[in-house]
Amino acid sequence: MPIAYVCRTASFSAAHRLHSPLLSIEENKEIFGKCNHPNGHGHNYKVEIIIKGEVDPLTGMVINLTELKQIMEVAIMDVLDHKNLDKDVEYFQDKPSTTENLAIFIWKSMQEHITSCQLDEVRVHETDNNTAIFRGEGL
């Protein structure tokens, strides 16, 4: 069976503060700079979900894009959009809400819902210049 990759993109807005509970106040300020401001700041994130799988000979699809859209709505949008990552998302209670950790969180959340194919990659664009990519390595 031929293998293909499908990518779907979504955008969400969220606030956060780069801060590690494992570091002192001074260390946090030194490492994270202005992104450690106590009141936080926000981003308009863009996330790309890349799915890998066999192309179904009957439908010609790896995954129905309507199904993928619904999964992303539940796994990403409902949980992250217009939220304060540090205060509203339990995952970030004990770790910094960096783009890398956000990509890992999204990977784990998506994995819970994907059954018919394979999650290949999560790309999170924090800004036009800063992107984190996670491929499930190390889990």
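Residues numbered from 1 in each chain as written. Predicted model: local features only at pLDDT ≥ 70, side-chain atom pairs only at ≥ 80, totals over all residues. Heavy atoms only, no water.

Trainee: Run through the environment of Met1, naming residues and quoting values.
Mentor: Its location among the elements puts Met1 in the segment before strand E1 (3–16). Relative accessible area serves as the criterion here: at 60%, Met1 is assigned to the exposed category. Along the primary structure Met1 and Thr127 are separated by 126 residues, whereas in three dimensions their C-alpha atoms are 38 Å apart. Aside from chain neighbours lying at most four places away, what touches Met1 is Glu54, Val55 and Pro57. (Helix = DSSP H or I, 4+ residues; strand = E, 2+ residues; numbered from the N terminus. Buried < 20%, exposed > 50% of the residue type's maximum accessible area, 1.4 Å probe, protein only. Contact = heavy atoms within 4.5 Å.)

Trainee: Break down the UniProt feature "binding site: Zn(2+)" (unreviewed entry) in the chain for me, citing the residues and quoting the values.
Mentor: Following the UniProt record, the feature "binding site: Zn(2+)" (unreviewed entry) maps to His16, His41 and His43 here. In terms of the greatest pairwise C-alpha distance, the residues named above, spread along 28 residues, form a tight cluster of at most 8.4 Å across. Tracing the chain through its elements places His16 in strand E1. Assessed through its relative accessible area of 1%, His16 is described here as buried. (UniProt positions renumbered as here; feature names shortened; annotations may be inferred.)

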